[in-house]
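Listed below are the residues making up each chain.
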Amino acid sequence: MTEAPTRPDWLPEHLYPFESRRRSAGGCDFHYVDEGAGRPILFLHGNPTWSFLYRNVVLGLRDSFRCIAVDLPGFGLSSAPEGYGFTPAEHADALEQLVDDLGLDDVTLMAQDWGGPIGLTVATRHPEGFSGLVLGNTWAWRLNGTLHFEAFSRAFGNPLGRLLIGGANAFVNLTIPLGTATRLPAEVMRAYRAPLATFASRRPTWELPRELLRSKPFLARLEEDLPTITHLPALFVWGGDDFALRKGVELPRLEALFFDHETVVLDGAKHFFQEDAPDRVVTEIRRWMEARG
């Protein structure tokens, strides 16, 4: 483990009251927080967020559980080596190494957005190390042929989309306000924008939209391997008003995959439900975890 990084000026203590940790894994420099003690919960974000998304959930659970919230390479305070392509397959490989290096076992995975396919891929490679899943507004299958996602991928994954995302930080400035039911304070939006301050730093956020279609082999392999973990107990915590991953479409498909599951729909919450309903998320996870013993 390397020396803990200095807190950036744009990240106030009262918003993110955690000790930052770093570890090199899979050629990447990972930033993560590791708070509390007890059964471990591994928190994975999607695009364009970072572990900051889970700050209130971690605060609510760290009295009873060990909460490890990771920044994927290129997001938040994590970085990637030269030549890294910021694809889901690369993220999964690097994350797998991090999980192994941290010696995590009996892990409950909590994942949202791209964190779902990435984290589930790691779980399928090491099913013996995972004991449960908390999934929200995510998926676990190929998206090619799905008009809803193909249109989104082509809109943001083309050269114009790259220019908008790289030049105007559009993925943060558009998707986070559209993906939350409440208006976020300026200091919260600053914490989402600041890690993506330059055109080059925004590359991870423009790669993932086109990877919705380009990652067909990666997602196909996940579909093939998913039966190795469908026996795990699963809690689905779903933002009911999400415009991207919908409670009437993607949620039922996930429910059909995991026979030992429970579903909580957060009415009024959108894609980034961790911002809209953190207290409810904490309550439901605590209840579910404690019921499992």
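Caption draft 1: Highlighting helix H4 (residues 147-157). Phe 149, Glu 150, Ser 153 and Phe 156 are the residues of H4 that are buried. The buried residues of H4 occupy an angular sector of 150 degrees when projected down its axis, which confines them to one face. In H4, the exposed positions that point more than 90 degrees away from the buried face belong to Leu 147 and Arg 154. Looking at the packing, one finds that the buried side of H4 touches helix H5 (159-168), helix H6 (170-178), helix H8 (203-214) and helix H10 (250-257).

Caption draft 2: Main features of the sheet that holds strand S1 (residues 20-25). Judged by pairing direction, the sheet is mixed, and its eight strands sit side by side in the order S1-S2-S4-S3-S5-S6-S7-S8 without closing on themselves. The sheet terminates laterally at S1 and strand S8 (261-266), the two strands that pair on one side only. Taken pair by pair, the neighbouring strands of this sheet meet at an average axis angle of 20 degrees, ignoring direction. As paired elements, S1 and strand S2 (residues 28-35) share six bridges and run antiparallel to each other. Across the sheet, residue Arg 22 finds its bridge partner in S2, namely His 31. Lying on the sheet, H10 is in contact with strand S7 (234-239) and S8; it crosses S7 at an angle near 180 degrees. Contacting strand S3 (40-44), strand S5 (107-112), strand S6 (130-136), S7 and S8, helix H12 (residues 278-291) runs over the sheet at an angle of about 165 degrees to S8.

Caption draft 3: Molecular detail of unusual backbone geometry. In this structure, Pro 48 follows Asn 47 across a cis peptide bond, with omega equal to 5 degrees. With respect to the element layout, Pro 48 can be found in the loop between S3 and helix H1 (55-61). At Asp 113, a residue that is not glycine, the phi angle is positive and equals roughly 55 degrees. Assessed through its relative accessible area of 9%, Asp 113 is described here as buried. In this model, Asn 169 sits at a positive phi of 50 degrees, which is unusual for a non-glycine residue. In this structure, Asn 169 sits in the loop between H5 and H6. Among the residues examined, Asn 169 registers a relative accessible area of 4% and is labelled buried.

Caption draft 4: Structural detail: the packing of helix H3 (residues 115-125) against helix H9 (residues 216-225). Two elements in contact, H3 and H9, have axes separated by 10 Å at closest approach and are oriented at 50 degrees. Taken together, the axis directions place H3 and H9 in an arrangement best described as oblique. You can see that H3 and H9 cross each other, and the crossing is left-handed. Contact residues: H3 offers Pro 117, Ile 118, Leu 120, Thr 121 and Thr 124, while H9 offers Phe 218, Leu 219, Leu 222 and Asp 225.

Caption draft 5: Summary view of the packing of aromatic side chains. Going through the model one piece at a time under the given rule, you end up with 14 aromatic pairs. Ring geometry for Trp 50 and Phe 52: centres 5.5 Å apart, planes at 20 degrees, overall stacked. Residue Trp 50 is classed as buried on the basis of its relative accessible area of 1%. Measuring from ring centre to ring centre gives 6.1 Å for Phe 152 and Phe 171, while their planes differ by 70 degrees; the resulting arrangement is edge-to-face. With Phe 152 in helix H4 and Phe 171 in helix H6, the pair connects residues that are 19 residues apart, well separated along the chain.

Caption draft 6: Representation of the nonpolar core in the model. Formed by 50 residues in total, the largest nonpolar core has its most connected members in Val 70 and Leu 133. Per element, the largest residue contribution to this core is five residues, and it comes from helix H2 (residues 88-101). The contact partners of Val 70, leaving out residues within four places of it in the chain, are Phe 30, His 31, Tyr 32, Leu 42, Phe 43, Leu 44, His 45, Ser 51, Leu 95 and Leu 98. One finds Tyr 16, Leu 61, Phe 273 and Ile 285 within the second-largest nonpolar core, a separate group that totals 41 residues.

Calculation criteria
- Residues numbered from 1 in each chain as written.
- Predicted model: local features only at pLDDT ≥ 70, side-chain atom pairs only at ≥ 80, totals over all residues.
- Heavy atoms only, no water.
- Buried < 20%, exposed > 50% of the residue type's maximum accessible area, 1.4 Å probe, protein only.
- Helix = DSSP H or I, 4+ residues; strand = E, 2+ residues; numbered from the N terminus.
- Arc of directions from axis to C-beta.
- Contact = heavy atoms within 4.5 Å.
- Pairing = 2+ DSSP bridges.
- Axes fitted to C-alpha atoms, helices over the stretch in contact; angles between N-to-C directions.
- Parallel < 35°, antiparallel > 145°, perpendicular 65-115°, else oblique.
- Left-handed = near helix turned anticlockwise from the far one by under 90°.
- Phe/Tyr/Trp six-rings, centres within 6.5 Å; stacked < 30°, edge-to-face > 60°.
- Core = buried A, V, L, I, M, F, W, Y, C linked by side-chain atoms within 4.5 Å.

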